[in-house]
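Residue strings, one per chain:
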Amino acid sequence: MESRTEHPTSQRIPISQFDRLLEQASKLLNDPAIGFSAGQHLDLPSFYLLGFLLSSCQTGREALTILRRYYSLISDTRSPDLFIGHQSIKVVYYVAEGSAFGSHARTEFIATSIHTAGKAFGGHLYQIQGAGFRFPAPSYRDKMEQYFGIPLQFNQPHNWISFSARLLDKPLSQANPDLFRTLQQQSELASEQFADLKPFSRKVMHILYQWPESIPITKESVADLLSTSSRTLTRRLQEENCQFSSLLRDVRLEKAKHALESGHADVQQLAIELGFSDRRGFERAFKQWTGETPASYRRSKQEQRHRQMEEA
């Protein structure tokens, strides 16, 4: 349920604002089951960084590990707890505090999204066994049970969903080769803008470019995402005549230029989003990169756009 543009960013909407949007959408669409409805139409390729990671997963077990380990890349809430037994896997998931309607809708969205993603990624390997919700059964319970294909449980002590563990270690790519091809192609397309970089540097650049600004970027966190150490990451970049600091600088510059060209007026907020401690640090860095201050760069781009419109 993220908003993406041609130049994707990872800015997240505050829960209170998101809940208001959910309630407004529910009223406009006359759909009290807005979370359940949205979860059924989950667009997996729109989750850029997560799709990039999942596209390389070999098995369901590996995908679950990746999802739990890097859940913070797509959500500010606590990572789900996984209970993996011989016969079943139980996923206990958590929902951030918000309005009563919003919390309810987001709970349904998460559960329905897990089920939708499970069917998409796992195909016949995914076999749901049960699902439970903390809230009472809604008026559209029958529709939910029809979609999940099982009786649902309500007034539970926590929110959970469980499925069979029998085929957990089977190859995922064979379950839905078309989806995995799409995710891999998307990752390749997203990396084309870094085509002048060598393979490992390009992979690091892709991760940096998609990284949510609500999570600090460190060499250690990026190395962890690539299942390596920061020392090895540094060495591999050096082998390609590249440095982590230069890649991070290029990403910050690209994002800053796009934000300013789009009319981003709050330079202080932009500085924070890009990982600078204050506006002055960002302004100094931007002038060093481009020879212009952020304000003059934005002004020149606006003037250029106005001239183009007049000439057209």
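The structure presented is a predicted model; accordingly, all values stated were derived computationally and were not measured. Position numbers for residues start from 1 in each chain and track the written sequence from start to end. Under the rules for a predicted model, residues below a pLDDT of 70 receive no local features and side-chain atom pairs below 80 are neither given nor counted, while totals for whole chains, interfaces and linings still include all residues. Side-chain measures here rest on the full set of heavy atoms in the structure, leaving out hydrogens and waters.

Caption draft 1: Local environment of helix H5 (residues 100-122). Put simply, DSSP marks the helices as runs of H or I at least four residues long and the strands as runs of E at least two long, and each gets a number from the N terminus on. The span expected for a helix works out to 1.5 Å for each residue beyond the first. End to end, H5 covers 33 Å across 23 residues, agreeing with the expected 33 Å (1.5 Å per residue, within 8%). Note on exposure labels: buried denotes an accessible area under 20% of the residue type's maximum, exposed denotes more than 50%, and partly exposed covers the range between, all computed with a 1.4 Å probe on protein chains only. Of all 23 residues making up H5, 17 are buried, and the element is well covered by its neighbours. Of the residues trailing H5, Gly-123 is marked for its positive phi of about 55 degrees.

Caption draft 2: Spotlight on the packing of helix H9 (residues 199-210) against helix H11 (residues 230-239). Interaxial distance between H9 and H11 falls to 8 Å at its minimum, and their mutual angle equals 125 degrees. The pairing of H9 with H11 is recorded here as oblique in orientation. Between H9, through Phe-200, Ser-201 and Val-204, and H11, the contact on the second element is made entirely by Leu-233, Arg-236 and Leu-237. Classes in brief: Ala, Val, Leu, Ile, Met, Phe, Trp, Tyr, Cys and Pro nonpolar; Asp, Glu, Lys and Arg charged; the others, Gly included, polar. A class-by-class count of the residues in the contact of H9 with H11 yields 4 nonpolar, 1 polar and 1 charged. For every element, the axis is a line fit to its C-alpha atoms; helices are fit only across the contacting stretch, and the angle between N-to-C directions ranges from 0 to 180 degrees. Angles below 35 degrees are treated as roughly parallel, those above 145 as roughly antiparallel, those between 65 and 115 as roughly perpendicular, and all remaining angles as oblique. We call two residues in contact whenever any of their non-hydrogen atoms come within 4.5 Å of each other.

Caption draft 3: Structural detail: the packing of aromatic side chains. In summary, the pairing rule links any two rings of Phe, Tyr or Trp, Trp by its six-membered ring, whose centres are within 6.5 Å, and it sorts them by plane angle into stacked for under 30 degrees, edge-to-face for over 60 and tilted for everything else. Counted by the stated rule, this structure contains 10 aromatic pairs. Each ring, one from Phe-36 and one from Tyr-147, has its centre 5.9 Å from the other, and the planes form 80 degrees; the classification is edge-to-face. Pair noted here: Phe-36 is in helix H2 (residues 34-40) and Tyr-147 is in helix H6 (residues 141-148), with a separation of 111 residues, a long-range link. Taken together through their ring pairs, the aromatic side chains of Phe-276, Phe-282, Phe-286, Trp-289 and Tyr-297 make up a single cluster. We call a charge positioned over a ring when the NZ of a Lys or the CZ of an Arg lies within 6 Å of the ring centre and within 35 degrees of the ring normal. Looking at Arg-78, its charged tip hangs above the ring of Tyr-94, at a distance of 4.1 Å from the centre. Here the guanidinium or amino end of Lys-90 rests over the ring plane of Trp-160, the centre of that ring lying 4.8 Å away.

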